[in-house]
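Structural features, examined
As a plain string of letters, each chain reads:
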Amino acid sequence: MPSSRATLIEVAKLAGTSKTSVSRYFGSERERLTAKLQSQIEQAANTLGYQPNLMARGLKGGGSRLLGMLVADIRNPFSVAAVHGVEQAARAHGYSLIVCNTDNDPEQEQTQLASLAAYQVEGLIINAAGQPEPQLQALMHSGIPLVLLDREVRQLDAEVIGLDNTQAIDMALDHLVQQGYRSVLYVSEAPEHASARQERLKRFKQQVKTLGLDSQTLVLNSLDEHSALPTLREFSQRPACAPKAVLCANGNVTLAMVRSFQHLGLTMGSIGLLGIDELEWCELVSPGITTLAQPTDAIGQAAVACLLNQLPQHPGKLAVQALHSPTLIIRGSTSPSG
């Protein structure tokens, strides 16, 4: 049976190497070891059941090998996918990830930020619920680097990693126009505290004018489909010489609008439906929902790379792409004749 109290020296002996090399493997200098030696140490640690005390390492000034991530709503499909991308990237660089969810509550956000700092995290990836600029400024001044994910925080000098929202709206509208739609209802959650929603709404209003489209916007304060029914019913019944379409600002809205379509007995395609965010069920709902898929793994990798570049102990510089392009997945919901 592997011992839960295996020591660094025992790992070094089984791996046929020095204690210093094992310390480097579990510290910030793993890249200095050859791939073969890294594999030997990993196998030895797994055999012995060795686990480094990351908290003790952090308190001794050796680096905790912990990254913190704060998400506004863990139930949001984007958040789930982004956490997966960040965790994969962190693990690849030898870091573990602590995730805190704020449920879009600014007060809870402050509490969770304090908790993450207490865990001696080496860096933070923030998907903000509110505008916690004073708390984040204090953390940065204390020496904790951070990266913003998807949402800006006003007056905070930090890199924002996420979707290219301008390109996403342009791609969505270009596709709808190519499919013959000329009247578009844009549906979004409340944009006040999410810069990505603000950017998408602003670009939508700009582009419909440029393209000469008839347009309407609907902001949902509740994701209950019944709140959208009056507007969707009126939009669907409005006389028009060309097909109409609904553009959903994110995955939560797409789900609410699919339910609204079903409640009103509307046929997707004859009234188009396109959603930003690819969700697993989108291909299963007949006739299939056209989406713009976010490259969440690439976004997560970029966020971690941006964070590691700010750590003085991290060797070299990693390439970072701040804005990422979506992928258009075309299905029957944007086929007027389908």
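In what follows, the structure referred to is the one given above.
In what follows, the accompanying structure is described. Numbering of residues starts from 1 in each chain and follows the order in which that chain's sequence is written. Reporting in this predicted model follows two pLDDT cut-offs: at least 70 for local features of residues, and 80 or more for side-chain atom pairs to be given and counted; totals over whole chains, interfaces and linings ignore these cut-offs and use all residues. As a convention, hydrogens and water are excluded, and side-chain values are obtained from all of the structure's heavy atoms.

Right, let's get into the overall build of the protein chain. Starting at the N terminus, helices and strands are each numbered in turn, a helix being any DSSP run of H or I of at least four residues and a strand any DSSP run of E of at least two. Scanning the protein chain for helices and strands turns up twelve helices and twelve strands. Seen through its principal axes, the protein chain has C-alpha atoms that stretch 80 × 40 × 35 Å. Here's how the labels work: a residue is buried when its accessible area is under 20% of the maximum for its type, exposed when over 50%, partly exposed in between, all with a 1.4 Å probe on protein chains only. Within the protein chain, buried positions represent 50% of all 338 residues. Across the protein chain, every contact between residues at least 6 apart in sequence was considered, and the portion connecting residues at least 24 apart equals 67%. In the structure as shown, the protein chain presents an accessible area of about 15,800 Å², 49% of it carried by carbon and sulfur atoms. Charge assignment in this entry is limited to Lys and Arg as positive and Asp and Glu as negative, and neither His nor the chain termini are counted. Taken as the charge location is NZ of Lys, CZ of Arg, CG of Asp or CD of Glu. Of note, the protein chain has its 27 positive side-chain charges centred 6 Å away from the centre of its 31 negative side-chain charges. The contact criterion used throughout is that any non-hydrogen atoms of two residues lie within 4.5 Å. For the area figures, the Shrake-Rupley method with a 1.4 Å probe applies, and any residue is considered shielded solely by the protein chains shown.

Centre-to-centre distance and the angle between the planes together describe a pair of aromatic rings. Classification of ring pairs uses Phe, Tyr and Trp, with its six-membered ring standing for Trp, and accepts pairs whose centres are within 6.5 Å; under 30 degrees between planes counts as stacked, over 60 as edge-to-face, and the remaining range as tilted. Applying the stated rule across the entire model yields one aromatic pair. Note on criteria: charge over ring means Lys NZ or Arg CZ within 6 Å of the ring centre, with the direction from the centre no more than 35 degrees off the ring normal. Stacked on the ring of tyrosine 95, the Lys or Arg arginine 65 has its end atom at 4.0 Å from the ring centre.

Along helix 1 (residues 8-15), the residues classified as buried are Leu8, Val11, Ala12 and Ala15. All buried residues of helix 1 fall inside an arc of 100° around its axis, so they share one side. In helix 1, the exposed residues that point more than 90 degrees away from the buried face are Ile9 and Lys13. Here the buried face of helix 1 lies against helix 2 (19-25) and helix 3 (35-48). In this context, the arc is that of the directions from the helix axis out to the C-beta atoms.

All right, on to the pairing of strand 5 (residues 160-163) then. Strand pairing requires that DSSP identify at least two bridges connecting the strands. Where strand 4 (residues 146-149) and strand 5 come together, two bridges link them in parallel fashion. Along strand 5, the bridge assignment pairs leucine 148 with valine 160.

For the rest of this paragraph, the subject is the environment of proline 312. Along the chain, proline 312 turns up in the loop between helix 12 (296-308) and strand 11 (323-324). Between the C-alpha atom of proline 312 and that of aspartate 297, which follows or precedes it by 15 residues, the distance is 25 Å.

Turning to the side chain of aspartate 150, a few remarks are in order. Tracing the backbone shows aspartate 150 in the loop between strand 4 and strand 5. Nearest to the buried, unbridged aspartate 150 among oppositely charged side chains is arginine 151, at 4.1 Å. What aspartate 150 contacts, discounting residues up to four positions off in sequence, is Phe78, Asn127, Val160, Ile161, Gly162, Ser195, Ala196 and Arg200. In what follows, salt bridge is the name for a side-chain nitrogen of Lys or Arg lying within 4 Å of a carboxyl oxygen of Asp or Glu.

Spatial strand order, 7-6-8-9-10-12: six strands in an open sheet with mixed pairing. Every other strand in the sheet has two partners, leaving strand 7 (214-220) and strand 12 (327-329) as the edge strands with one partner each. Sheet twist, expressed as the mean angle between neighbouring strand axes with direction ignored, is 20°. Where strand 10 (residues 290-293) meets strand 12, three bridges bridge the pair, whose relative direction is antiparallel. Across the sheet, the residue bridging to alanine 293 is threonine 327, located in strand 12. The axes are straight lines fitted to the C-alpha atoms, using for helices just the contacting stretch, and the angles between their N-to-C directions are given from 0 to 180°.

Moving on: the pattern of salt bridges. For the structure on display, the rule yields eight salt bridges. Between aspartate 73 and arginine 75 there is a salt bridge, with its nearest N and O atoms 3.2 Å apart. Aspartate 73 gets classed as buried once you look at its relative accessible area, which sits at 12%. Notably, a salt bridge pairs arginine 238 with glutamate 234, separated by 3.4 Å at the nearest N-O pair. Look at glutamate 234 and you get partly exposed, because its relative accessible area is 38%. Among the charged side chains, a salt-bridge network with shared partners connects Asp73, Arg75 and Asp103.

Nonpolar side chains in soluble globular proteins tend to be buried together. Here, nonpolar core means buried Ala, Val, Leu, Ile, Met, Phe, Trp, Tyr and Cys residues that are tied together by side-chain atoms lying within 4.5 Å of each other. Leu67, Met69, Ile125, Leu149, Ile161 and Val304 are the most contacted members of the largest nonpolar core, which totals 23 residues. At seven residues, the largest contribution of residues to this core is made by helix 12. Excluding residues within four positions of it along the chain, isoleucine 161 makes contact with Val147, Leu148, Leu149, Asp150, Ile299, Ala302, Ala303, Cys306, Val320, Gln321, Ala322 and His324. Counting 21 residues, the second largest nonpolar core, distinct from the first, contains Ala228, Met268, Ile271 and Cys282.

With that settled, the discussion passes to the sheet that holds strand 3 (residues 123-126). Within a sheet, adjacent strands bond to each other through the backbone by hydrogen bonds, running parallel or antiparallel. Taken in spatial order, the six strands make up an open sheet running 2-1-3-4-5-11, and their pairing is parallel. Edge strands, defined here as strands with exactly one partner in the open sheet, are strand 2 (96-101) and strand 11. Looking at chain direction, strand 5 and strand 11 are connected through two bridges and run parallel. When the sheet's bridge partners are listed, glycine 162 is paired in strand 11 with leucine 323. Sheet strands touched by helix 5 (residues 77-92): strand 1 (66-71), strand 2, strand 3 and strand 4. Its angle to strand 1, the strand with the most contacts, is close to 170°.

The subject of this paragraph is the side chain of serine 236. For serine 236, the location among the structural elements is in helix 10 (residues 229-237). The exposure class assigned to serine 236 is buried, which follows from its relative accessible area of 17%. Among the polar contacts made by the side chain of serine 236, one reaches the main-chain carbonyl oxygen of arginine 233 at a distance of 2.8 Å. In contact with serine 236, not counting residues within four places along its chain, are Lys244, Leu266 and Ile271. In the analysis that follows, any N or O atom pair within 3.5 Å is treated as a polar contact, provided that within protein one partner can donate a hydrogen and the other can accept it, and provided that, for residues neighboring in sequence, both atoms belong to side chains.

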